[in-house]
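# Descriptive analysis of the structure
Single-letter residue listing:
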Amino acid sequence: THRDLAAQMWSGLASLPWLWVNRYAVGLGTSTIFKLVTAPIERVRLLLSVQKENIKGKKLDKPYSSSWDCLKHTTRSEGFRGFWRASTLAITQYITTSLAYAYATQLFYGFLQFNKRRHGYIPWLLGNVFQGSITSIYATTLFYPLEVLRVRMAADIPCEDDDEEDEGEYQYAGVLDTIKQTWKLEGIRGFYRGFALQCGTVVMYRVAYLLGFEIARAQGKGSRFGAMFTGYLVSVFATLAVHPMETVRRRRIVNTGSDRGEKFGSNLSVVVAWKIVRKEGVGALFQGATMTVLLSAASGTFRTLVS
């Protein structure tokens, strides 16, 4: 009948991706605004963590003395617009990766999912870590080249060496130029520089995040404000736990993105980390950590306001 046909047509329309897109449109829109607002914090954090690579590449004369010094230096050399350098790439990467993650969450839902009371704590923890990690790695794999391009553009600063012909100029003129130079210098491998370490970071973050919440939950239930504050602390703890790995990955991306300066001479992140610690000390792995804490706090506050 006509009614049955109309019901079937409506059922088909309801299964279209439009409703799925509409479900995430608001969240992605507000997150885009958050990315734009916190872009200066993200840029300062990145510049602090890769400053030694910019010094080796003769882009920076001396290290930043503090986060405030990096802020002033960027304003003086690039203007306020410099804080939003590569922000378009950052937003594009966030939206595409978030949509891929949402799809992967449905794809891997229930995979190796254990009940804590029935199967025990260890199987539950390992299953949760594996499911969350494989979902994140799936999304990251598809759009990791955007991360490499973003890091190289955002870490790029005008050259300060008087002896160089490109004094006062960026190495990368834009997104297309970054793609061109990456392909010319490294080929397809350049777009996945540090990918293996990124996968390890995803797993480490998942473990730290779950353990942090389990420790906090063991302390007992408190007020809503206490729960919110606990969420902030867990987020900061997990982010700081993977900060050294992120520093090594970003420095590798910047180090191999130019033919200038001293190279690490190894594709193994463990070897690169050891060389950094031996030459610069353990503190070099935590450069920009203050901005990481600030960014985590801002992210937690934003999520609370929009929830």
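Note that this is a predicted model, so its numbers are computed, not measured. (Residues numbered from 1 in each chain as written. Predicted model: local features only at pLDDT ≥ 70, side-chain atom pairs only at ≥ 80, totals over all residues. Heavy atoms only, no water.)

Overall, the coordinates contain 15 salt bridges when judged by the stated rule. A salt bridge links Arg150 to Glu42, with the shortest nitrogen-to-oxygen separation between them at 3.7 Å. Taken as a pair, Arg150 in helix H8 (residues 121-155) and Glu42 in helix H3 (residues 39-49) lie far apart in primary sequence, 108 residues in all. Look at Glu42 and you get buried, because its relative accessible area is 17%. Between Asp156 and Arg85 there is a salt bridge; the shortest N-O distance is 3.3 Å. Of the two residues, Asp156 sits in the loop between H8 and helix H9 (175-186) while Arg85 sits in the loop between helix H5 (67-78) and helix H6 (87-107), which places them 71 residues apart along the sequence. (Salt bridge = Lys/Arg side-chain N within 4 Å of Asp/Glu carboxyl O. Helix = DSSP H or I, 4+ residues; strand = E, 2+ residues; numbered from the N terminus. Buried < 20%, exposed > 50% of the residue type's maximum accessible area, 1.4 Å probe, protein only.)

On to the environment of Phe191. Structurally, the position occupied by Phe191 is in the loop between H9 and helix H10 (195-218). For Phe191, a relative accessible area of 9% puts it in the buried group. Between the C-alpha atom of Phe191 and that of Phe143, which follows or precedes it by 48 residues, the distance is 9.8 Å. Not counting chain neighbours up to four residues away, the residues in contact with Phe191 comprise Tyr144, Pro145, Val148, Leu149, Ile179, Thr182 and Trp183. (Contact = heavy atoms within 4.5 Å.)

Not every positive phi belongs to a glycine, and Lys58 is a case in point at roughly 60°. Positive phi, normally seen in glycine, also occurs at Ala86, with a value near 70°. As for its position among the elements, Ala86 is in the loop between H5 and H6.

A few words on the environment of Gly212. With respect to the helices, strands and loops of the structure, Gly212 is situated in helix H10. Overall, the relative accessible area of 9% leaves Gly212 in the buried class.

With that out of the way, let us pick up empty space enclosed by the protein. Under the defined criterion, the tally for this structure stands at one cavity of 30 Å³ or more. Computed from the structure, the largest cavity encloses a volume of approximately 160 Å³. Considering the residues around the largest cavity, the lining is formed by 18 residues, among which Glu53, Lys59, Gln171, Val254 and Ser258 are closest to the centre. Class assignment of the residues belonging to the lining of the largest cavity gives a composition of four nonpolar, six polar and eight charged. (1 Å grid on protein atoms, 1.4 Å probe; cavity = no way out; pocket = protein on both sides within 12 Å on 5 of 7 lines; lining within 4 Å. Points joined across faces, edges and corners; volume = space filled by probe spheres on them. Nonpolar A, V, L, I, M, F, W, Y, C, P; charged D, E, K, R; others polar.)

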